[in-house]
Amino acid sequence: MSTKLEPEIFDLTIGGRDYTVEFDREGLKEADSMGVATKDGMGLYDRTALILYAGLKKNHPFVTIKTAAKILDSAIDEGYTLDDFSEIVDEFTKWYKALFIVSGEKKKKIISRRIAGVQKK
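All figures in this text were calculated on a predicted structure; none of them were measured in a lab.

Calculation rules
Residues numbered from 1 in each chain as written. Predicted model: local features only at pLDDT ≥ 70, side-chain atom pairs only at ≥ 80, totals over all residues. Heavy atoms only, no water. Pairing = 2+ DSSP bridges. Helix = DSSP H or I, 4+ residues; strand = E, 2+ residues; numbered from the N terminus. Axes fitted to C-alpha atoms, helices over the stretch in contact; angles between N-to-C directions. Parallel < 35°, antiparallel > 145°, perpendicular 65-115°, else oblique. Contact = heavy atoms within 4.5 Å. Phe/Tyr/Trp six-rings, centres within 6.5 Å; stacked < 30°, edge-to-face > 60°. Buried < 20%, exposed > 50% of the residue type's maximum accessible area, 1.4 Å probe, protein only.

Undergrad: Describe in detail the pairing of strand 2 (residues 17–21), supporting the description with residues and values.
TA: As defined by bridge partners, strand 1 (residues 10–14) adjoins strand 2 across 5 bridges and the pair is classed as antiparallel. Note that in strand 2 the partner of isoleucine 14 across the bridge is arginine 17. Hairpin geometry of strand 1 and strand 2 is characterised by an intervening segment of 2 residues between the two adjacent antiparallel strands and by a positive phi of about 60 degrees at glycine 15.

Undergrad: I'd like to hear about the packing of helix 1 (residues 25–33) against helix 4 (residues 86–101), residue by residue, with values.
TA: Between helix 1 and helix 4, the least distance of the axes is 10 Å, while the angle of their chain directions is 90 degrees. Classed by the angle they form, the pair helix 1 and helix 4 counts as roughly perpendicular. Contacts between helix 1 and helix 4 involve Arg25, Leu28, Lys29, Ala31 and Asp32 from the first element and Phe92, Trp95, Tyr96, Leu99 and Phe100 from the second.

Undergrad: Could you give an account of the packing of aromatic side chains, with specific residues and numbers?
TA: The full count for this structure, using the stated rule, is 4 aromatic pairs. Ring geometry for tyrosine 80 against phenylalanine 85: centres 6.1 Å apart, planes inclined by 55 degrees, an arrangement best described as tilted. A network of ring pairs unites the aromatic residues Phe23, Phe92, Tyr96 and Phe100 as a single cluster.

Undergrad: Could you give an account of the side chain of glutamate 91, naming the residues involved and the relevant values?
TA: Mapped onto the fold, glutamate 91 is located in helix 4. Classification of glutamate 91 as buried rests on a relative accessible area of 4%. Sequence-distant contacts of glutamate 91, defined by excluding residues within four places in its chain, comprise Glu6, Pro7, Glu8, Phe10 and Phe23.

Set out below in structure tokens:
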């Protein structure tokens, strides 16, 4: 039995501007291509900025990674800590796993020709 994930949407006001953080497949794919899950040398700040970037993409399509880092800097200047972004990081992780890692109910299976040929004999 599969359970449908309900997206969580975060509304932030930082530096006098309103931002909406919501994850979608395109943002997750882009963050993955930038090494968010695999780059060992990436620090907590850089990973949080990249996750923030991925979440901003859906509702702020012209945001850049540099802008997301500036938003994070402004948030820290306003008294936020990286830990305050942990719910956003958790939401990113939940969706990342759901889309790319956790299989749940498999709809399709990749079958090797070699293995398929052996089974037919």
